[in-house]
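# Structure assessment
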Amino acid sequence: MALKFLKFVILSVLAFIIQPAAFAAGDECLGETLNDDTITVSFMTCDPGTEIYALYGHSAIRIRTASGADWVFNYGMFDFHTSNFVGRFVLGKTDYYMAAFPFEDFISEYEYRGSAVTEQILNLTKEEKEKLLRSLVKNSRYEDWTYRYNFLYDNCTTRARDQIENCVNGKITYPKDETQESYRQIIHRYTKDCPWSEFGQDLLLGSDADKYIGERQKMFAPLYMKKYIDKAYITDKDGNKRKLVADTKIYPPIKARKEIKGFPVSPIGVFGTILALTMIICALEIKWNKIFWGYEAVLMTIQGLAGCIIATLFFFSEHPTVNSNWLIAILNPIPIIYMVIRMANIRKHKYDNYAPIVAGVIFLFIVVSLFISQTFSASVYCFALSLCLQTATSAYIQHKAEWKKSK
């Protein structure tokens, strides 16, 4: 993991080092474009990689001329040295920027990591190519190169799409897609081999991620964008139509794609084990008429820490769909805040209302979750059942003790 992080840092630093050359290259290409029709514009789609930041693939725009200038304009860069980078990232306030790379450097990165790259050569007029290049060169300059990144609504793929749409003299029409899919379903297509990444996404994304979306919204995903561009056409102001893609070329990987190696136990394995262990412990608690406060503290810690993350995103983050997350009902900071008092009450055999209230809330959540639009993973249900069983058992033992005192 450390090596993957270091690799991404190096790429970001390199972008700053070569950026002045990118300015000059852009100006050089722009000058040639005004004199002849040798420029070629392509939409580049990179297949997913194994790193977490590469699971969804990538998109960029390639510009090359007959004289040999060959650059890729990439909207997927960000600077780790930005003040309070981690905090801004958590709150969805990360500014990405556009950088230009020599094509050979860009393509070799994907070929050697095991990802194929598809080049779709665009069927643009000389005037449209000039307009696109002017816009890309302008975006690559310091005062215009940053934008507020949004994973679903404004990312490297949608930025490249918007640039192409803004340069055509007419309108781009994409093929109709009748398949009903949500953001979450599309994300699952990319994370199916990474169960912990999928679990993390499901934990944080709210009900808005489960709404069915149209073709344009699906274009946040690079492979979907590639599919739509392939069948798209341009209708000019006179009503004439032409295909957007003139030709397609694929650059196969040089090395085999690395096998994804994650945590050896899947989320359902971990939380299924927690549920089984909770059932055993609850049975022992009832048999011995004793609350195992240490185990309850562990569950409350897990619940509270997850709740702190979800609550922070729910109330303060600009990340998409996180403010519609129904998990806030059972995963919130309350267990962390109340845990010291709760543990003291258990050890002193003092009755409190925490256990019956939490058991009731979680049970209600499990029932209601079957009828709301948000999708929850099996791992979430396993943990919710664990919490419900433990708190219900604690409530039962407390009430039993109180009943004996009253007699």
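Below is a short write-up of the structure.

Rules and cut-offs
Residues numbered from 1 in each chain as written. Predicted model: local features only at pLDDT ≥ 70, side-chain atom pairs only at ≥ 80, totals over all residues. Heavy atoms only, no water. Phe/Tyr/Trp six-rings, centres within 6.5 Å; stacked < 30°, edge-to-face > 60°. Helix = DSSP H or I, 4+ residues; strand = E, 2+ residues; numbered from the N terminus. Buried < 20%, exposed > 50% of the residue type's maximum accessible area, 1.4 Å probe, protein only. Lys NZ or Arg CZ within 6 Å of the ring centre and 35° of its normal. Pairing = 2+ DSSP bridges. Axes fitted to C-alpha atoms, helices over the stretch in contact; angles between N-to-C directions. Contact = heavy atoms within 4.5 Å. Salt bridge = Lys/Arg side-chain N within 4 Å of Asp/Glu carboxyl O. Core = buried A, V, L, I, M, F, W, Y, C linked by side-chain atoms within 4.5 Å.

With that settled, the discussion passes to the packing of aromatic side chains. One pass over the structure, following the stated rule, counts 20 aromatic pairs. Ring plane angle 50° and centroid distance 5.1 Å describe the contact between Phe 106 and Tyr 110, whose orientation is recorded as tilted. Taken together, the residues Phe 106 and Tyr 110, both in helix H3 (residues 103–113) and four residues apart, mark about one turn of the helix. Residue classification places Phe 106 among the buried residues on the basis of a relative accessible area of 4%. Ring centres of Tyr 183 and Phe 220 lie 5.3 Å apart, and the angle between their planes is 65°; this geometry places the pair in the edge-to-face category. With Tyr 183 in helix H6 (residues 183–191) and Phe 220 in the loop between helix H8 (215–218) and helix H9 (222–231), the pair connects residues that are 37 residues apart, well separated along the chain. For Tyr 183, a relative accessible area of 5% translates into the label buried. An aromatic cluster is present here, built from Tyr 56, Phe 151, Tyr 153, Tyr 183, Tyr 190 and Phe 220 joined pairwise through their rings. We note Arg 62 situated over the ring of Phe 103; from NZ or CZ to the ring centre the distance is 3.5 Å.

Let us look at the sheet that holds strand S12 (residues 245–251). Within the open sheet, the seven strands sit side by side as S6-S4-S3-S2-S1-S5-S12. Their pairing is antiparallel. A strand with exactly one partner marks an edge of an open sheet, and here the two such strands are strand S6 (146–148) and S12. Each neighbouring strand pair of the sheet contributes to a mean axis angle of 25°, computed without reference to strand direction. Of the strand pairs in this sheet, strand S5 (residues 117–122) and S12 are connected by six bridges, and their pairing is antiparallel. Of the residues in S12, the one forming a bridge with Gln 120 is Thr 248. Sitting on the sheet, helix H5 (residues 156–167) touches strand S1 (40–46), strand S2 (58–64), strand S3 (70–78), S5 and S6, and the angle it makes with S2 is about 40°.

Looking now at the pattern of salt bridges. The tally for this structure, following the rule as stated, stands at 21 salt bridges. Where Glu 402 meets Lys 405, a salt bridge forms, and the shortest distance between an N and an O atom there is 3.6 Å. Separated by three residues within a single helix, Glu 402 and Lys 405 lie in helix H14 (residues 378–406), roughly one turn from each other.

Ranked by internal contacts, the top residues of the largest apolar core, which has 49 residues, are Leu 124 and Leu 244. Where this core is concerned, the elements lending two or more residues are S1, S2, S3, strand S4 (95–102), helix H4 (126–139), H5, H6 and H9. Ignoring sequence-local partners within four residues, the contact set of Leu 244 consists of Ile 121, Leu 122, Asn 123, Leu 124, Ile 164, Ile 172, Ile 229, Ala 232, Tyr 233 and Ile 234. If you look at the next biggest cluster of nonpolar residues, it comprises 34 residues, including Met 300, Met 343, Ile 366 and Ala 384.

This brings us to the sheet that holds strand S11 (residues 241–243). Pairing within the open sheet is antiparallel, and its three strands lie in the order S7-S10-S11. One side of each edge strand has no neighbouring strand; the edge strands of this open sheet are strand S7 (171–173) and S11. Between one strand axis and the next, the sheet turns by 30° as a mean value, whatever way the strands run. Sheet analysis places S7 next to strand S10 (residues 233–235), joined by three bridges and oriented antiparallel. Within S10, the position partnered with Ile 172 by the bridge is Ile 234.

Let's shift gears to the side chain of Thr 157. For Thr 157, the location among the structural elements is in helix H5. Classification of Thr 157 as buried rests on a relative accessible area of 0%. Excluding anything up to four places from it in sequence, Thr 157 contacts Ser 59, Met 219, Phe 220, Pro 222 and Met 225.

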